[in-house]
Amino acid sequence: MKDYLEIGKIVGTHGIHGEVRVEPWCDSPEFIRGFRTLYFSSGAEPVAVESVKIHKSTAILKLRGFSSPEEADLLRGRILYMNRKDAKLPEGRYFIQDLLGLRVQDEQNETVFYGSITDVFPTGANDVYEITDENGRKTLIPAVDEVVKSVDPENGVMKIRPLGGMFDDEN
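Here's what I pulled together on the structure shown here. Since the structure is predicted, the reported quantities are computational estimates derived from the model, not experimental observations.

Reading the values: rules and limits
Residues numbered from 1 in each chain as written. Predicted model: local features only at pLDDT ≥ 70, side-chain atom pairs only at ≥ 80, totals over all residues. Heavy atoms only, no water. Helix = DSSP H or I, 4+ residues; strand = E, 2+ residues; numbered from the N terminus. Buried < 20%, exposed > 50% of the residue type's maximum accessible area, 1.4 Å probe, protein only. Contact = heavy atoms within 4.5 Å. Areas by Shrake-Rupley, 256 points an atom, 1.4 Å probe, with all protein chains shown as cover. Lys, Arg positive; Asp, Glu negative; His and termini not counted. Charge placed at Lys NZ, Arg CZ, Asp CG, Glu CD. 1 Å grid on protein atoms, 1.4 Å probe; cavity = no way out; pocket = protein on both sides within 12 Å on 5 of 7 lines; lining within 4 Å. Points joined across faces, edges and corners; volume = space filled by probe spheres on them. Nonpolar A, V, L, I, M, F, W, Y, C, P; charged D, E, K, R; others polar. Polar contact = N/O pair within 3.5 Å; in protein donor to acceptor, adjacent residues only side chain to side chain.

## Notes on the overall build of the protein
Okay, so step 1: Helix and strand content of the protein: two helices and twelve strands.
Okay, so step 2: By principal-axis analysis of the C-alpha atoms, the protein measures approximately 65 × 30 × 25 Å.
Okay, so step 3: Out of the 171 residues in the protein, the part that is buried amounts to 38%.
Okay, so step 4: Sequence separation of 24 or more characterises 49% of the internal contacts of the protein that already satisfy a separation of 6 or more.
Okay, so step 5: Entry remark: accessible area of the protein is about 10000 Å², with carbon and sulfur atoms responsible for 47%.
Okay, so step 6: In the protein, 21 side chains carry a positive charge and 29 a negative one; their mean positions are 7 Å apart.

Okay, here's the thing in structure tokens:
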């Protein structure tokens, strides 16, 4: 698993003090509030976060060392990373980047693999996982306890109990 995960992209500047607008690539812009240090270049360049404000679906960050709109504008388009050790997720919650690529296995018949997780869609009520099989066929499954029985990012496997009709080859 990667130590540094993408948390958002700088999409512009804000105000006259060198603040940047960040499009969050996490559950919400509020998640970014928990970090005092973020990183550029996949974790190679730390940058101190002096303040975080939330405006609608955007986070407005004041990063140490950037004090003018001109300096902040040089950051436009850059990706910000977080150190996974700085984030505490509740039990049973995972970073999307840790779910992508997991092989999806039948809980009751461990010789049956449905494919790999290729995307995650937040829907509000629950996430939806896109599973792509070896033929490129995509199937969407709800990320609910009734279907997802175990998640093991360390071993690269998710076990599911599909609902009837999810996969064509079911009885």
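## Notes on the layout of surface pockets
Okay, so step 1: Counted as a void, the largest pocket has a volume near 920 Å³.
Okay, so step 2: Taken together, 33 residues line the largest pocket, and the ones lying closest to its centre are Asp27, Arg93, Tyr94, Ile96 and Asp127.
Okay, so step 3: Broken down by secondary-structure element, the contributors of at least two residues to the lining of the largest pocket are strand 1 (4-14), helix 2 (96-99), strand 8 (113-122), strand 9 (127-132) and strand 11 (148-152).
Okay, so step 4: It is strand 8 that provides the largest number of residues to the lining of the largest pocket, a total of four residues.
Okay, so step 5: Counted by class, the lining of the largest pocket contains 21 nonpolar, six polar and six charged residues.

## Quick notes on the side chain of Glu130
Okay, so step 1: Along the chain, Glu130 turns up in strand 9.
Okay, so step 2: By relative accessible area, Glu130 is classed as buried at 12%.
Okay, so step 3: Engagement of the side chain of Glu130 in a polar contact is seen with the side chain of Thr118, the distance being 2.6 Å.
Okay, so step 4: Setting aside chain neighbours within four positions, we find Glu130 in contact with Ser116, Ile117, Thr118, Asp119, Phe121, Lys138, Thr139 and Leu140.

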